[in-house]
Amino acid sequence: MTTSTIRYPRYHEDFQALAAIRPGPSWLVDLRAAAWDRFNELGLPTARRGNERWKYTNLRPLAAIAFESPQATDSTGGLDAGTVRSLAPWDEAWTNLVFVDGKFSEALSTIAPAQNGTVCSDLASALNGNSGPVRDGLAQLASFDDDAFAALNTAFINDGASIQVPDNAVTASPVNLVFVSTAGPQPQVTHPRTLVQVGRNARLTLVESYVDLTGGSNFTNAVLEMAVGQGSHVDHFRLLMDTPDGFHVGTSRVLQGQDSSVTSSSFTTGAAMARNDFLVTLDAPGASCDLRGLYATTGSQHIDNLINIDHAKPHTTSRLFYKGILSGKSRAVFGGTVTVRRDAQKADSRQTDKNLVLSHEAEVDSKPSLLIYADDVQCGHGATAGHIDQDTLFYMQSRGLDRATATKMLIQAFAAEIVDTVGVEQVHGFLETVFAGSIPAESVVFGGRP
Amino acid sequence: MNDSNGNNQPMLEVHDLHVKVADSGILNGIDFLVNAGEVHAIMGPNGSGKSTLANVLAGRPEYEITQGEVVYRGNDLLAMEPEERARQGVFLAFQYPVELPGVRAWQFLKAAVDALREHNGEEELSAREFDRMLREKIQMVEIDPDLARRTVNEGFSGGEKKRNEILQMAMLEPKLAVLDETDSGLDIDALRIVADGVNKLRSDSNAIVLVTHYQRMLNYITPDFVHVLMDGRIVRSGGPALAHELEEKGYDWIRESVEASQ
Ligand SMILES: Nc1ncnc2c1ncn2[C@@H]1O[C@H](COP(=O)(O)OP(=O)(O)OP(=O)(O)O)[C@@H](O)[C@H]1O
Ligand SMILES: [Mg+2]
């Protein structure tokens, strides 16, 4: 173990406190310690020079805040069940795991009867029971060698969700994870960790929602690891409803086996700085993924999507379609690389990012890219940024619609191209309301050519 | 003054209207008067200012009105926002209808009809009532009902776009309809359908201004007046016979006689 100087005393203090209160099995102690050391070596990636992964996103504001781990409260954090159900997509028949300030709340959760042997549990219990699959799976996909946020999350592994779907199991009703942040005396940080292990020829629908109720500067540093076995299908939704001063770093790592398919849709609103760092590795022939996203920024918000797809093997297919709605002085970044390895012949990939820029001061940096080492592939990518032009608005006004109504209609229509791909009715319904309300009319400059 | 039929006052009075775009004068003193129940045709060579006039009436923002006034049913039309004009019964069928990405035609129509009804103090139509109304009007303009489910004007053929404008007009039942070359690009059947649509709207309580290049439209819709616009001025007005004369002789004939009289 290195004895280098402690660069982040606040995190270090909480790290030590966690190790004292919840040491867990010895492999976990070692894992956390290794991750902490790595985090301390790497430090937060605040330097932007030569830092491709964080080129357009300034982490200094996040690094300047001494976030603290939430105080232990009662497990509902003062929230009532009715409130929680309105914060995210919800259905009583689903398995709904609710986490308040990073901690599993049994009282607010509803666990549907186990379906075909599927195990859904809070991670803290799984760690307590020293679950074999959890021990074998954790930190296998989310490498922290070169990733300070993954390292930090791993150093603080304590709670989150653990989902195991056995071979041939079809979990018909979604597993719903709701992470709620509430206000503390100081800005708080949570490190939710989710581990999803799907066997062969199985099906899973997974919904993750991150909600901040404070209006303050909380920081959620989430990591998802998901391994999808041969012939399985996963439908994944990730929703972020942050506050304008909130910080969010979501690191998702997906590994796909032969002939598996994953559709994953990300919906992001709010946040002073939100990062959606998503990597899918298509690790065997016939694997395919379809990644969609919609992000809406306003005020001085900042959303950074880094979506990487690794075509590691031949005959793999990926589709990526993200859309952004920007207003106010907000900023969005869309980056990501589709890599086609040398023996990944017949890879087929398409990447698109489209933005609707509603004000002069909003800005988007959209830089999807391709790295192709194979020669027999079909790949394409494109990015656009458009605005609502005077002719369009005038046409709508000439039919009696005022500018606010017309603009809202155009924004909704723009969003619908992504929202309407959502096949889970409860998620679809929820998104329709949230995104309609996420763009305040006063932040739109009409007819603005950015 | 504001009698409910609007019969005692003119529908539209345009006085000495001067309009500039990007510092050049496009309309250089337009005068004309439209009463309820009348159909006026406006003809004139390309670039003479017909669309400019039509767009100024509908409230397009990029034009600078440097002189003159426009009174619509006793009120200052130029002081109103475009949506206010629409709600008070002004309708422009665009020469080049605009595509609304992702917005479904029926959804757009519903919003337009609801905005109008709200203005008139009427209740929003229920989905079913709206549907019935839409189906009826779709039959009237003989468009493919599928168009209503598609994105407004996106991928519509030229003729479909024009018919869609007439569908909107039929739904909104304007008091003053300005049709900017709605007849251009229509096949013979579509022309008849559009003309039928216009004739159905025609009544004693509303008025129609038709911008057209062709006599063939006027075979179906007989105008009460024909105006010839050149270089931003109405240089001649007459009855339906004037349109025939133009068709025969072209515009040079008028240009020469205008220049001779100056
Ligand atoms: N937005 C604009 N910017 C610059 N010039 C304009 C603009 N709108 C109109 N003009 C100019 O004003 C003149 C009149 O145009 P307008 O479209 O009114 O003609 P029109 O009579 O409708 O012609 P057409 O028969 O070809 O439709 C043209 O010279 C045109 O280029
Ligand atoms: Mg014209």
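About the thresholds
- Residues numbered from 1 in each chain as written.
- Chains lettered and ligands numbered in written order.
- Predicted model: local features only at pLDDT ≥ 70, side-chain atom pairs only at ≥ 80, totals over all residues.
- Heavy atoms only, no water.
- Helix = DSSP H or I, 4+ residues; strand = E, 2+ residues; numbered from the N terminus.
- Rg over C-alpha atoms; globule rule 2.2 N^0.38 Å.
- Buried < 20%, exposed > 50% of the residue type's maximum accessible area, 1.4 Å probe, protein only.
- Contact = heavy atoms within 4.5 Å.
- Areas by Shrake-Rupley, 256 points an atom, 1.4 Å probe, with all protein chains shown as cover.
- Lys, Arg positive; Asp, Glu negative; His and termini not counted.
- Charge placed at Lys NZ, Arg CZ, Asp CG, Glu CD.
- Axes fitted to C-alpha atoms, helices over the stretch in contact; angles between N-to-C directions.
- Parallel < 35°, antiparallel > 145°, perpendicular 65-115°, else oblique.
- Nonpolar A, V, L, I, M, F, W, Y, C, P; charged D, E, K, R; others polar.
- Buried area = accessible area lost by both parts, 1.4 Å probe.
- Salt bridge = Lys/Arg side-chain N within 4 Å of Asp/Glu carboxyl O.
- Polar contact = N/O pair within 3.5 Å; in protein donor to acceptor, adjacent residues only side chain to side chain.
- Pairing = 2+ DSSP bridges.
- Donors = N, O, S within 2.8 Å, 3.2 Å for Na, K, Ca; no water.
- 1 Å grid on protein atoms, 1.4 Å probe; cavity = no way out; pocket = protein on both sides within 12 Å on 5 of 7 lines; lining within 4 Å.
- Points joined across faces, edges and corners; volume = space filled by probe spheres on them.
- Near = heavy atom within 4 Å.
- Patch = residues over 30% accessible without salt bridge, like charges linked within 9 Å, V, L, I, M, F, W, Y side chains within 5 Å.
- Core = buried A, V, L, I, M, F, W, Y, C linked by side-chain atoms within 4.5 Å.

Peer 1: Would you mind showing me how to read the overall build of chain B here?
Peer 2: Along its length, chain B carries nine helices and 10 strands. The C-alpha radius of gyration of chain B comes to 18 Å, within 12% of the 18 Å expected for a compact globule of 262 residues. Oriented by its inertia axes, the alpha-carbon framework of chain B measures out at about 60 × 40 × 35 Å. For chain B, the proportion of its 262 residues judged to be buried stands at 54%. Counting contacts in chain B only where the partners sit at least 6 residues apart, residues at least 24 apart contribute 68% of the total. A total accessible area of about 11800 Å² is found for chain B, and carbon and sulfur atoms account for 43% of it. Mean positive and mean negative side-chain charge positions of chain B (27 and 44 charges, respectively) differ by 5 Å.

Peer 1: Would you mind showing me how to read the environment of Thr190 of chain A here?
Peer 2: Relative to the assigned elements, Thr190 of chain A resides in strand 6 (residues 189-190). Remark: the alpha-carbon pair of Thr190 of chain A and Val100 of chain A, spanning 90 residues in sequence, is separated by 9.7 Å.

Peer 1: Is there a simple way to think about the packing of helix 1 (residues 9-21) of chain A against helix 2 (residues 26-42) of chain A in this case?
Peer 2: When two helices pack together, their arrangement is given by the angle between their axes and by how far apart the axes lie. All names here are of chain A. Closest axis-to-axis distance for the helix 1/helix 2 pair is 12 Å, and the angle between their directions is 175°. Our classification of the angle between helix 1 and helix 2 gives roughly antiparallel. On helix 2, the residues that touch Tyr11, His12, Phe15, Leu18 and Ala19 of helix 1 are Arg32, Ala33, Trp36 and Phe39. Looking at side-chain class alone, the contact of helix 1 with helix 2 contains seven nonpolar, one polar and one charged residues.

Peer 1: What is the right way to look at the interface of chain B and chain A in this model?
Peer 2: Much of the literature gives interface size as the accessible area that the parts lose upon coming together. Opposite the 32 residues of chain B that make contact, chain A presents 16 residues. For the pair chain B and chain A, the summed buried surface comes to about 1900 Å²; carbon and sulfur atoms form 66% of the total. Taken together, chain B and chain A are joined by three salt bridges. For Asp391 of chain A, the salt bridge goes to Arg60 of chain B, with nearest N and O atoms at 2.5 Å. Run the count over chain B and chain A and you get nine residue pairs in polar contact (both at pLDDT 80 or more). Among the elements of the structure, helix 1 (50-58), helix 2 (82-87), strand 6 (90-93), helix 3 (105-119) and helix 5 (158-172) of chain B are those that each provide at least two residues to the side of chain B that touches chain A. Considering only residue class, the side of chain B that touches chain A consists of 20 nonpolar, six polar and six charged.

Peer 1: Any chance you could explain the sheet that holds strand 4 (residues 64-72) of chain B here in plain terms?
Peer 2: Working definition: the strands of a sheet are paired by backbone hydrogen bonds and lie parallel or antiparallel to each other. Residue and element names in this part refer to chain B. Pairing within the open sheet is antiparallel, and its four strands lie in the order 2-1-4-5. What marks the edges here is a single partner per strand, and that holds for strand 2 (24-34) and strand 5 (75-76). In this sheet, strand 5 lies alongside strand 4 in antiparallel orientation, the contact comprising two bridges. Note that in strand 5 the partner of Val71 across the bridge is Asp76. Across the sheet, helix 1 touches strand 1 (12-21), strand 2 and strand 4, and the angle it forms with strand 1 is around 110°.

Peer 1: What is the right way to read the sheet that holds strand 8 (residues 203-212) of chain A from this model?
Peer 2: Residues and elements named next belong to chain A. As summarised here, the arrangement of the 10 strands in space is 2-1-5-8-10-12-14-16-18-20, forming an open sheet in which the pairing is mixed. The strands lining the two open edges of the sheet, one partner per strand, are strand 2 (103-110) and strand 20 (378-386). Recorded for the sheet is a direction-independent mean angle of 10° between the axes of neighbouring strands. With 10 bridges connecting them, strand 16 (residues 317-326) and strand 18 (residues 348-357) associate as parallel partners. Within the sheet, the bridge partner assigned to Arg319 lies in strand 18 and is Arg350. Strands in contact with helix 9 (residues 403-419) are strand 12 (261-269), strand 14 (288-297), strand 16 and strand 18; relative to strand 16, the strand with the most contacts, it is inclined by about 160°.

Peer 1: Looking at this structure, how should I read the coordination of the magnesium ion (ligand 2)?
Peer 2: Ideal geometry at a metal gives 109.5 degrees between four tetrahedral donors and either 90 or 180 degrees between six octahedral ones. For the magnesium ion (ligand 2), the protein coordination sphere consists of Ser51 of chain B (OG) and Gln95 of chain B (OE1), at 1.9 to 2.2 Å. Taken together, the residues span a long stretch of sequence, with Ser51 of chain B in helix 1 and Gln95 of chain B in the loop between strand 6 and helix 3 at a distance of 44 residues.

Peer 1: Can you help me understand empty space enclosed by the protein in this one?
Peer 2: Empty space among the atoms can be located by rolling a probe the size of a water molecule over them. Residue and element names in this part refer to chain A. Going through the model one piece at a time under the given rule, you end up with four cavities of 30 Å³ or more. Of the volumes computed, that of the largest cavity is approximately 100 Å³. If you go around the largest cavity, you meet 16 residues; those closest to its centre are Phe179, Ser181, Tyr210, Val211 and Thr220. The set of elements that each furnish at least two residues to the lining of the largest cavity consists of strand 5 (175-181), strand 8, strand 9 (219-228) and strand 11 (247-256). Size it by volume and the second largest cavity reaches roughly 60 Å³. For the lining of the second largest cavity, the per-class residue count stands at six nonpolar, two polar and one charged.

Peer 1: Looking at this model, I keep getting lost on the environment of Lys200 of chain B. Mind explaining?
Peer 2: Residues and elements named next belong to chain B. Mapped onto the elements, Lys200 comes out in helix 6 (residues 188-201). Exposure remark for Lys200: the relative accessible area of 54% places this residue in the exposed category. Along the backbone, Lys200 and Ala170 are 30 residues apart, and their C-alpha atoms lie at a distance of 8.7 Å.

Peer 1: Looking at this structure, how should I read the site of ligand 1?
Peer 2: Residue and element names in this part refer to chain B. Close to ligand 1 lie 15 residues, the nearest being Ile26, Gly47, Lys50, Ser51 and Thr52. Within the backbone of Gly49, one N or O atom sits 3.0 Å away from an oxygen atom of ligand 1. When ligand 1 sits alone it has 640 Å² of accessible area, and the protein chains cover 63% of it. Among the elements that line the shell around ligand 1, the one with the most residues is helix 1, at three residues. When its residues are assigned to classes, the shell around ligand 1 shows four nonpolar, eight polar and three charged.

Peer 1: Would you take a moment to explain a negative patch on the surface for this structure?
Peer 2: Residues and elements named next belong to chain B. A surface patch of like charges, here negative, comprises Asp231, Asp252, Glu256 and Glu259. Assignment of secondary structure puts Glu256 in helix 9 (residues 252-261). By relative accessible area, which is 53% here, Glu256 ends up exposed.

Peer 1: How should the nonpolar core be read in this particular structure?
Peer 2: For soluble globular proteins, nonpolar side chains are generally found buried alongside one another. Residues Leu239 and Val427 of chain A together with Leu12, Leu17 and Phe108 of chain B are the most contacted members of the largest nonpolar core, which totals 79 residues. Per element, the largest residue contribution to this core is nine residues, and it comes from helix 9 of chain A. Beyond its immediate chain neighbours, meaning those up to four positions away, Val427 of chain A contacts Pro89, Trp94, Val207, Phe237, Leu239 and Val422 of chain A. Grouped together as the second largest cluster of nonpolar side chains are 50 residues, Leu97, Val262, Ala274 and Leu320 of chain A included.

Peer 1: Looking at this model, I keep getting lost on the environment of Val364 of chain A. Mind explaining?
Peer 2: All names here are of chain A. Within the secondary structure layout, Val364 lies in strand 19 (residues 363-372). In the structure, Val364 is positioned 60 residues away from Asp304 in sequence and 9.7 Å away in space, judged by C-alpha atoms. Among residues more than four places away in sequence, those in contact with Val364 are Leu326, Ala332, Asn355, Val357 and Ala385.

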